[in-house]
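What follows is the residue order along each chain.
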2 protein chains.
Amino acid sequence: MYEGVVQDLIDELGRLPGVGPKSAQRIAFHLLQAEEPDVRRLADVLIEVKARVKFCSICFNVSEDDLCRICRDPRRDQTVLCVVEEYKDVVAIERTREFRGRYHVLGGAISPIDGIGPEQLRVRELMVRLSDGTVTELILATDPNLEGEATATYLTRMLKDLDLTVTRLASGLPVGGDLEYADEVTLGRALAGRRSAQ
Amino acid sequence: MYEGVVQDLIDELGRLPGVGPKSAQRIAFHLLQAEEPDVRRLADVLIEVKARVKFCSICFNVSEDDLCRICRDPRRDQTVLCVVEEYKDVVAIERTREFRGRYHVLGGAISPIDGIGPEQLRVRELMVRLSDGTVTELILATDPNLEGEATATYLTRMLKDLDLTVTRLASGLPVGGDLEYADEVTLGRALAGRRSAQ
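Residues numbered from 1 in each chain as written. Chains lettered and ligands numbered in written order. Predicted model: local features only at pLDDT ≥ 70, side-chain atom pairs only at ≥ 80, totals over all residues. Heavy atoms only, no water.

**Some details on the interface of chain B and chain A**
Contact residues are listed per partner, giving 51 residues for chain B and 51 residues for chain A. Summed over both sides, the interface between chain B and chain A buries roughly 5,100 Å², with carbon and sulfur atoms accounting for 69% of that surface. Here chain B and chain A share 2 salt bridges between them. Here Arg 41 of chain A makes a salt bridge to Glu 12 of chain B, at a shortest N to O gap of 2.7 Å. Remark: the boundary between chain B and chain A carries 10 residue pairs in polar contact (both at pLDDT 80 or more). Of all the elements in the fold, those that place two or more residues in the side of chain B that touches chain A are α1 (4-14), α2 (21-33), α3 (36-52), β2 (62-63) and α5 (87-96) of chain B. With 14 residues, the top contributor of residues to the side of chain B that touches chain A is α3 of chain B. A breakdown of the residues in the side of chain B that touches chain A according to their chemical character gives 26 nonpolar, 6 polar and 19 charged. (Contact = heavy atoms within 4.5 Å. Buried area = accessible area lost by both parts, 1.4 Å probe. Salt bridge = Lys/Arg side-chain N within 4 Å of Asp/Glu carboxyl O. Polar contact = N/O pair within 3.5 Å; in protein donor to acceptor, adjacent residues only side chain to side chain. Helix = DSSP H or I, 4+ residues; strand = E, 2+ residues; numbered from the N terminus. Nonpolar A, V, L, I, M, F, W, Y, C, P; charged D, E, K, R; others polar.)

If you want it as structure tokens, here you go:
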């Protein structure tokens with residue numbers, strides 16, 4: 001329907017996650033009208049990201065060098081390891097400024113429906129990392145959903161013979177939320193995990 | 001928060017229409033994990049679109065040549081001109097296969113709130129096109145919203161002294177819709193524009 005290259009652009013944009021045919025069309029028309037240098041900047045950064053971004057050889061965090069910023073930082077505590085699903089979870093935890101240990105990025109969560117088992121994740125690399133005994137506490141910070149829970153349960157079982165404190169992130173009411181709007185599971189967890197009031 | 005070039009990518013993606021910070025992040029992470037040739041294809045088509053897509057020198061439709069497909073086609077009726085806001089409106093009308101005339105793309109609609117007046121649109125070019133008398137019917141096919149109506153009203157006034165049949169797209173109930181779900185204005189228009197039943 002569209003002139004050749006415009007249709008190509010719409011097709012390529014439509015392959016991005018969360019971009020449906022209507023959004024792809026809208027973005028394409030925006031780019032048609034945009035200034036050439038603005039569009040070139042987007043094209044350049046796409047190329048650059050693929051050329052420069054690698055994964056940290058220790059923790060599999062996104063990195064422009066062989067080691068990521070966190071693994072390079074000698075002030076980070078090597079004895080505490082936080083296991084997350086994705087790079088974005090590292091960023092979310094870093095944003096809290098509450099964690100001074102290091103990370104291990106699994107690259108996803110166990111999801112039989114998507115054909116993702118422990119072999120598809122960086123579980124073997126985790127076990128190798130733990131084998132020298134430097135890490136004494138391991139925090140399982142997978143997502144609080146079905147896949148994340150399955151992954152945490154699997155890892156807990158894998159780790160039970162190691163001399164290691166294994167913890168999970170606390171479940172409960174989100175801060176700033178309304179009790180009445182919390183779903184039953186969350187509220188149930190918050191009740192089960194109740195702590196003595198100071 | 002992110003490694004330099006990843007943050008650059010998120011920033012660039014966030015400038016696209018309808019892509020908020022969360023979507024930009026999601027798309028960026030998708031691209032980080034995507035295969036290099038797939039990302040390169042997107043980058044290439046962005047560059048190509050800006051290099052190859054021009055605007056038709058007659059109707060201002062998007063075109064890879066000096067004249068667009070429609071203006072190049074000798075079978076298209078030169079006496080009927082359909083005035084639309086944007087290239088995507090040309091595509092929408094072409095999809096109906098009901099129109100065999102030509103187009104004039106204004107490049108937007110009058111919107112004082114966005115600082116867009118008739119001078120920012122291709123109104124002068126329209127008047128020049130009409131001056132040789134080839135066009136005998138002009139269809140105002142602007143959007144049925146405030147800006148589109150304002151534009152159509154303005155053009156109707158501009159055109160009233162020319163020897164020209166000026167028509168508007170019919171307003172009424174969308175085909176396949178439910179009468180009870182139509183808004184009052186649409187239903188009112190449908191009533192006012194009622195036609196004799198065959």
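**Here's the deal with the UniProt feature "domain: Toprim" (unreviewed entry) in chain A**
UniProt's feature table lists "domain: Toprim" (unreviewed entry) at residues 79-174 of chain A, given in the numbering used throughout. In residues 79-174 of chain A, the share of helix is 33% and the share of strand is 18%. The end C-alpha atoms are 29 Å apart. (UniProt positions renumbered as here; feature names shortened; annotations may be inferred.)

**Thoughts on the pairing of strand β6 (residues 165-168) of chain B**
Both faces of the sheet carry side chains from a regular strand, because those side chains alternate between them. Residues and elements named next belong to chain B. Direction of pairing for strand β5 (residues 137-140) relative to β6: parallel, over a ladder of 4 bridges. Paired with Ile 139 across the strands is Thr 167, a residue of β6. Considered for its hand, the β-α-β crossover made up of β5, helix α7 (residues 146-159) and β6 is right-handed. (Pairing = 2+ DSSP bridges. Right-handed = clockwise from strand over helix to strand, strands pointing away.)

**Focus: the packing of aromatic side chains**
As enumerated under the stated definition, the model contains 4 aromatic pairs over all chains in all. Cation over ring: Arg 122 of chain A sits above Phe 55 of chain A, and NZ or CZ is 5.7 Å from the ring centre. (Phe/Tyr/Trp six-rings, centres within 6.5 Å; stacked < 30°, edge-to-face > 60°. Lys NZ or Arg CZ within 6 Å of the ring centre and 35° of its normal.)

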